[in-house]
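Breakdown of the fold
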Amino acid sequence: MSLTQWQKTRQEPGPARAASAADDGAHGRAAVRLTKVSKVYGRGSAALLALDKVSLTVAPGEFVCLIGASGCGKSTLLSLVAGLDEPTAGTISTEGGRVSLMFQEPALFPWLTASRNVELALRARGVPRPQLRQRAAELLETVHLGGFGGKRPHELSGGMRQRVALARALAQDADVLLMDEPFGALDAMTRDLLHDELERICGTQTLTVLFVTHNVREAVRLGDRVIVLSSRPGRVIDEYLVPRRGPRRIDSVEVAELASQITDRLREEMSRHGS
Ligand SMILES: Nc1ncnc2c1ncn2[C@@H]1O[C@H](COP(=O)(O)OP(=O)(O)OP(=O)(O)O)[C@@H](O)[C@H]1O
Ligand SMILES: [Mg+2]
């Protein structure tokens, strides 16, 4: 695939993602829609503007990655979409879909087994008790942890714990999965495996994903679209479409080429902010 096929949307929306670009309009179908969302923390002289009029539309089934400097408001944005906090201005709609949030740390209950951690999420969404064990086992199988259901978190590796967290997020049967640097603490091999898993899972169901990462290659490896946020206060300053043409590899030339364009854009933004 040539570099010209890896397009920057502002300049020339690519045919491969034209439908999604159209969905980005005010009236298109959306799984998540943010309209001029601002968030101020604190009051008076201590007030801090974290997000500034962020507008963003994510189409059903779309995988959108958010990238931006530390402190630019990425986690804030996810917590607003998850409904954990209210925007100061603007509106957020998730079209009534179920939303699930996955953090950088697996945040499992340490006294519960992997299976029980997943079962808890199943119970919360009303799965009948007799089905819990079986459904949890299926989900653990999905993340390649079959046979580990009886282990407690401390008996699992970091990557395995994060896979349990992924199974728990999937147990919520969410329409929208919000992922905040979920693989940031993992080694490259485990992270690659989880990328494959996530890609496979997204291929088997209509799951809309909003994925925060500091790793530009990871964003290009996974995303249909990569949104670049400005340094704080977070604003959308650019977006890049990534055509889907079969499985990608994080170390492929295409991924590296687009990632380097995006990295240059980020550097430019950071140096502008720093000057
Ligand atoms: N609950 C809070 N109360 C006050 N300020 C907050 C709160 N949460 C975040 N902030 C501030 O809002 C800004 C954005 O924080 P946020 O955690 O959203 O950034 P981020 O882009 O996720 O950063 P990182 O990449 O380091 O995770 C920061 O300046 C932070 O100090
Ligand atoms: Mg964060």
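All values reported here derive from a predicted model rather than from experimental measurement. (Residues numbered from 1 in each chain as written. Chains lettered and ligands numbered in written order. Predicted model: local features only at pLDDT ≥ 70, side-chain atom pairs only at ≥ 80, totals over all residues.)

Re the overall build of the protein chain
Assigned secondary structure in the protein chain consists of eight helices and nine strands. Counting the 275 residues in the protein chain, one finds 41% classified as buried. Expressed as a percentage of contacts within the protein chain between residues at least 6 apart in sequence, the contacts between residues at least 24 apart total 72%. (Helix = DSSP H or I, 4+ residues; strand = E, 2+ residues; numbered from the N terminus. Buried ≥ 20, exposed ≤ 12 C-beta atoms within 10 Å, placed from the backbone. Contact = placed C-beta atoms within 7 Å.)

Concerning the sheet that holds strand E2 (residues 48-58)
For sheets, the rule is that strands pair by backbone hydrogen bonds, running either parallel or antiparallel. Strand order in this open sheet of three strands is E2-E1-E4, and the pairing throughout is antiparallel. If you trace the sheet from one side to the other, it starts and ends with E2 and strand E4 (89-93), each paired once. Pairs of neighbouring strands in the sheet enclose a mean axial angle of 20 degrees, with direction left out of account. For strand E1 (residues 32-41) and E4, the ladder comprises four bridges, and the chain directions are antiparallel. Across the sheet, Arg 33 pairs through a bridge with Ser 93, a residue of E4. (Pairing = 2+ DSSP bridges. Axes fitted to C-alpha atoms, helices over the stretch in contact; angles between N-to-C directions.)

Section: helix H6 (residues 188-204)
Taking 1.5 Å per residue, 17 residues should reach 24 Å; H6 reaches 25 Å between its end C-alpha atoms and fits that length. For H6, the complete set of buried residues consists of Arg 191, Leu 194 and Leu 198. When H6 is viewed along its axis, its buried side chains cluster within an angular range of 60 degrees and face the same direction. In H6, the exposed positions angled more than 90 degrees off the buried face are occupied by Met 189, Arg 200, Gly 203 and Thr 204. Close packing links the buried residues of H6 with helix H5 (158-171) and helix H7 (216-222). (Expected span 1.5 Å × (residues − 1). Arc of directions from axis to C-beta.)

Some points on the site of ligand 1
If you check the shell around ligand 1, you find 13 residues, and the closest are Tyr 41, Ser 70, Lys 74, Ser 75 and Thr 76. Secondary structure elements with two or more residues in the shell around ligand 1: E2 and helix H2 (74-81). Of all the elements, H2 adds the most residues to the shell around ligand 1, at three residues. Class assignment for the residues of the shell around ligand 1 results in four nonpolar, seven polar and two charged. (Near = placed C-beta within 6 Å. Nonpolar A, V, L, I, M, F, W, Y, C, P; charged D, E, K, R; others polar.)

A few points about the environment of Leu 241
Counting through the fold element by element, Leu 241 comes out in strand E9 (residues 236-241). Under the C-beta neighbour-count criterion, Leu 241 is labelled buried, with 24 such atoms within 10 Å. Separated by 17 residues in sequence, Leu 241 and Asp 224 have C-alpha atoms that sit 6.0 Å apart.

Comments concerning the packing of helix H3 (residues 114-124) against H5
It is the contact of H3 with H5, at a shortest axis distance of 8 Å, that shows an interaxial angle of 20 degrees. One finds that H3 runs roughly parallel with respect to H5. The handedness of the crossing between H3 and H5 is right-handed. Counting all contacts with H3, which are made through Ala 114, Asn 117, Val 118, Ala 121 and Leu 122, the residues of H5 involved are Val 164, Ala 167, Arg 168 and Ala 171. (Parallel < 35°, antiparallel > 145°, perpendicular 65-115°, else oblique. Left-handed = near helix turned anticlockwise from the far one by under 90°.)

Some words on H2
A large share of H2 lies buried, amounting to six of its eight residues. Taken residue by residue, H2 has Lys 74, Thr 76, Leu 77, Leu 78, Leu 80 and Val 81 as its buried positions. Positive backbone phi, at 80 degrees, marks Gly 83, one or two positions downstream of H2.

Some thoughts on the nonpolar core
Counting residues in hydrophobic clusters, the biggest one holds 71 residues, and the most contacted among them are Val 118, Ala 167, Leu 178, Leu 210 and Val 226. The element best represented in this core is H5, accounting for eight residues. Both domains that furnish three or more residues to this core are identified here as domain 1 (12-97 + 175-273) and domain 2 (107-172). Residues contacting Val 226, with those up to four places away along its chain left out, are Cys 65, Ile 67, Ala 219, Val 220, Glu 239, Tyr 240, Val 242 and Ile 262. (Core = buried A, V, L, I, M, F, W, Y, C linked by C-beta atoms within 7 Å. Domains from an automatic or database assignment.)

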